[in-house]
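# Reading the structure
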Amino acid sequence: MSWTRYVAIGDSFTEGLGDPYPDGGWRGWADRVAEGLATANDGVANDGVKYANLAIRGRLLDPIVTEQLPAALELKPDLVSMSGGGNDMLRPGSDLEALVARLDDAVGRIRATGADVVLFTAADPIGSPVIRLTRSRVEAFSDQIRLLGAKHGAYVVDQWQMDVLRDWRMWNVDRLHMSPAGHRRVALATLEELGVPAGDWRDPVLDPLPELGRGARMLWNARWARGYLAPWVGRRLRGRSSGDLITAKRPTLQPVLDQSG
């Protein structure tokens, strides 16, 4: 396949938090995928591959579908990546059936235009002292995403099966967003799923991290809870989101350029 109009929608995962450019902006796996598509389609007419990223941190699935999806379809893409529901899963009482139905309808709307779709399962949160409490629901949601991929003929990047993403070196210190290394691995896995030549996301194989002692582990977790978990809980209690004042970083289709500086 060859795509020239790629639009990414979603939350902080797709916005690219944790993977900074030298100027302080966010790169992320979606920018890296766009760069991979541009390289694979080198020489295509009409300025080659164009890319838009409408994702905004903190977004729940509903605003992704009601706000970002219509704007994405107006751009007439031939490839749309959609990741959402992760923020919903972190909220007690989230309705899995309703989320799946919402996602099902959204993917159907995209496919009806003739565009291809890329979906993502969640990464396995088993190593997280807090997020792993949602593991059964997240696993069930990931199972449904695989089924939706089969139903609609969508591409599915199965992060749940990517053992390397259980390594903390793949994650930012906030434990919610991926590090540059993690975004790189996801980008390569996405390009592999799309059949676009790229590096192997399995390389390099990492040596195991040294085991922390009980005291060091408790200190590590306490610092994380104070610096990241508490502010996150505070925003939830106030009904606020980290993305309330944020707009899409790349709202229109633009030729893919080397943004890495």
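Residues numbered from 1 in each chain as written. Predicted model: local features only at pLDDT ≥ 70, side-chain atom pairs only at ≥ 80, totals over all residues. Heavy atoms only, no water.

### Focus on the packing of aromatic side chains
Summed over all chains, the structure comprises five aromatic pairs. With a centroid separation of 5.3 Å and an interplanar angle of 35 degrees, the aromatic rings of Phe 13 and Trp 29 are classed as tilted. A residue pair is termed long-range when its members are at least 10 positions apart, and Phe 13 in helix α1 (residues 12–15) and Trp 29 in helix α2 (residues 28–40) qualify at 16 residues. Across this residue pair, the class does not change: Phe 13 and Trp 29 are buried. (Phe/Tyr/Trp six-rings, centres within 6.5 Å; stacked < 30°, edge-to-face > 60°. Helix = DSSP H or I, 4+ residues; strand = E, 2+ residues; numbered from the N terminus. Buried < 20%, exposed > 50% of the residue type's maximum accessible area, 1.4 Å probe, protein only.)

### Details of the nonpolar core
The biggest cluster of nonpolar side chains holds 32 residues, and the ones touching the most others in it are Tyr 6, Trp 29, Leu 37, Leu 165 and Leu 194. Secondary structure elements with two or more residues in this core: β1 (5–10), α2, β4 (116–120), β5 (155–157) and α7 (180–194). Of the residues forming this core, the biggest block, six residues, is contributed by α7. When neighbours within four sequence positions are excluded, Leu 165 is seen to be in contact with Ala 123, Gln 159, Met 170, Trp 171, Met 178 and Val 186. Residues Ile 9, Val 65, Val 117 and Ile 145 belong to the second largest nonpolar core, which totals 30 residues. (Core = buried A, V, L, I, M, F, W, Y, C linked by side-chain atoms within 4.5 Å. Contact = heavy atoms within 4.5 Å.)

### Looking at the environment of Pro 180
Relative to the helices and strands, Pro 180 is located in helix α7. When the C-alpha positions of Pro 180 and Asp 19 are compared, they lie 4.5 Å apart, and in sequence the two are 161 residues distant. Ignoring sequence-local partners within four residues, the contact set of Pro 180 consists of Gly 18, Asp 19, Pro 20 and Arg 32.

Shape is all these values report; function is a separate question.
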